[in-house]
Amino acid sequence: MYKQSLSESRVLKNRAFLINAAAVTITAFLLRASGIYFNAYLSRRIGAEGVGLYNLIYSVYIMASALVTSGISLAVSRIVAEQMEKHNPQKIRPTMVKCTVLSVVFSLLISALLFFGADFIASYLLGVQRTALPLRIMAPSYSFMAVSSCFRGYFIAARKAHKSALSSLFEQLFRIALTVLLLQFMLPKELESCCSMVVLGSTCAEIIGCFFTYLIFRYERRDEQASRSLLSAANHTQGASLRMIFGISIPMTLNAGLRTGLRTAESMLIPAGLRKSGVSHESSLAEFGVLSGMAMPVLFFPTFMLMSVAMLILPEVARADAIRQKRRVQYMGARIMQLTLYMSVMIAGILLVFPEELCLALFRNNEAGGILRLLAPLVPLIYLDFMVDGMLNGLNQHMMTLKLNTADSAMRIGLILVLVPLLGISGYMITLYISTVFNSSLSLKRLLKVSNLRIPIYHWIIKPVMLSLLSALASSIVFRLALSGAARAGALAVPEIVLACLLHLCLLRMTGALKHEDVLWLKSFFTSKKLPA
């Protein structure tokens, strides 16, 4: 009887895990897809210069949101998960109250700094006085964002990440719909007014999203058997101590602040460097808009698949390392790197052959096509570094990844300060190449050292590269012949890319690069079968 109940418990946990993984995967895809659609709409509505101005403002938004949400969300998820595991549900409500109050107080400080320091930030940090009004408009959003992060941290602790995903998706769709309506009916003519409308849409979305997340949270708490006892016990149960909350949230907040602060500094320096290279103020924003609002979202769009694989596989790596199953760590690490390289090389081939068609389909212009083609060779290194950092974290190498990423960001800032004023946007391309090679090579070297992995260069890199280029070129030739020399529209980008992907997968199977064992191993994470090792 005990074994049967234990088996049923494992099945239920596995089912919940798969539901959460599926929800996160679908939501990540929808968020990335809607984000690209939104950037495409903005590029058509306010132009490349407007997109550049908006992304300059957005860099400040990202830094402030990381400070407000990263630490407290992690504190909630860790502490509530521990209280659930120890069967102390009466401590959850006071813990949530403490975390929420602390997050609101801290977010009000950030909002005040942003609101009253908007002119200083706009003039001396961003270098564009027109960003002051949008910065003030976004200031009220952080308190609501902080509260939402507490609720989402609770959902993660309760193994109900799909509810957090639902609230994120609702907020994103509301943001896009409201922004489109504001731009359509308010008809702002100046770029400052356009960006203010976009930021106003984001601020309203944060407010509405907070109330929506709260409703989900209330419904979730109502369904718990201990809800009544929680209300009655709130007066005499203290929950987590402030020391515990601060001990978790402060280091994470500092790390997130350092990381996003360096990224924000990088975004601020690019337009300034372009102006020093001789480019006009408007052209510098336009070039920055094409890079940050068009090329980069397309380049990173496929990483939603890596995020899903990471969510499923990397916890298994951490568990295997915890019980010192070295062979299992090596096996799983090798599989992760192999599949990541196969996928990233395929994406690189597509971006090398079809960048103009892809940009025409998404943005109705091919301004970002040249940049995508230049960055395509970096895709395997960028995607591999993403997974390598995740594996290093799973192997308890958090400090090493933090040091490498911090050093990488600092080096990028230094290179931008030197190269962009001299070479313009080409200087930033060179910076990306040097930075990506530096970070990915050192991270990979560390992983190989701590896990004793070996990379078969020919089978995992050289052969997939040749097959990827062959597949993409073959797809391009097929459509050229089929159209008999007629001009190709951007709408054909989708069938061309789909055919290239199918050809690449078929060639991987035919040449033995992708074996039946590899497919079964990946499939095992989506079933209740025992994982191969």
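Small disclaimer: the values here were computed from a predicted structure and weren't measured.

Definitions and cut-offs
- Residues numbered from 1 in each chain as written.
- Predicted model: local features only at pLDDT ≥ 70, side-chain atom pairs only at ≥ 80, totals over all residues.
- Heavy atoms only, no water.
- Helix = DSSP H or I, 4+ residues; strand = E, 2+ residues; numbered from the N terminus.
- Buried < 20%, exposed > 50% of the residue type's maximum accessible area, 1.4 Å probe, protein only.
- Contact = heavy atoms within 4.5 Å.
- Areas by Shrake-Rupley, 256 points an atom, 1.4 Å probe, with all protein chains shown as cover.
- Patch = residues over 30% accessible without salt bridge, like charges linked within 9 Å, V, L, I, M, F, W, Y side chains within 5 Å.
- Salt bridge = Lys/Arg side-chain N within 4 Å of Asp/Glu carboxyl O.
- Phe/Tyr/Trp six-rings, centres within 6.5 Å; stacked < 30°, edge-to-face > 60°.
- Lys NZ or Arg CZ within 6 Å of the ring centre and 35° of its normal.
- Core = buried A, V, L, I, M, F, W, Y, C linked by side-chain atoms within 4.5 Å.
- Axes fitted to C-alpha atoms, helices over the stretch in contact; angles between N-to-C directions.
- Parallel < 35°, antiparallel > 145°, perpendicular 65-115°, else oblique.
- Left-handed = near helix turned anticlockwise from the far one by under 90°.
- Nonpolar A, V, L, I, M, F, W, Y, C, P; charged D, E, K, R; others polar.

### So, the overall build of the protein chain
And step 1. Counting its regular elements, the protein chain contains 20 helices and 0 strands.
And step 2. Counting over 533 residues, the protein chain shows a buried share of 51%.
And step 3. Long-range contacts, defined as pairs at least 24 residues apart, comprise 80% of the intrachain contacts of the protein chain with a sequence gap of at least 6.
And step 4. As displayed, the protein chain offers around 25,200 Å² of accessible surface, 67% of which is attributable to carbon and sulfur atoms.

### Observations concerning a nonpolar patch on the surface
And step 1. Nonpolar side chains collect at one region of the surface, where Ile 457, Tyr 458, Ile 461, Ile 462, Val 465, Met 466, Leu 469, Leu 473, Ile 477 and Leu 481 lie side by side and expose about 890 Å² of accessible area between them.
And step 2. Position of Ile 461 among the secondary structure elements: in helix α18 (residues 457-483).

### Let's talk about the packing of aromatic side chains
And step 1. For the coordinates displayed, the defined rule picks out 13 aromatic pairs.
And step 2. Judged by centre distance (4.7 Å) and plane angle (25°), the rings of Phe 151 and Phe 217 are stacked. Placement of Phe 151 in helix α5 (residues 141-157) and of Phe 217 in helix α7 (residues 191-223) is noted, with a sequence separation of 66 residues between them. Just as Phe 151 is buried, Phe 217 falls in that class too.
And step 3. An aromatic cluster is present here, built from Phe 151, Tyr 154, Phe 155, Tyr 214 and Phe 217 joined pairwise through their rings.
And step 4. One Lys or Arg, Arg 136, reaches over the ring of Phe 115 and ends 5.9 Å from the middle of that ring.

### Brief notes about the nonpolar core
And step 1. Judged by nonpolar contacts, the single largest core of 108 residues is most densely connected at Leu 42, Leu 135 and Tyr 428.
And step 2. Leave out the neighbours within four places in its chain, and Leu 42 touches Gly 47, Val 51, Tyr 54, Leu 183 and Val 198.
And step 3. Within the second largest apolar cluster, 20 residues are counted, among which are Val 80, Cys 99, Phe 155 and Ala 157.

### Considerations on the packing of helix α10 (residues 281-300) against helix α17 (residues 425-451)
And step 1. It is at 11 Å that the axes of α10 and α17 come closest, and there the two elements cross at 40°. Between α10 and α17, the angle is such that the two are oblique. For the element pair α10 and α17, the recorded crossing hand is right-handed. Taken together, the residues of α17 that come into contact with α10 (itself represented by Glu 287, Leu 291 and Met 296) are Ile 425, Tyr 428, Met 429 and Leu 432.
And step 2. A class-by-class count of the residues in the contact of α10 with α17 yields 6 nonpolar, no polar and 1 charged.

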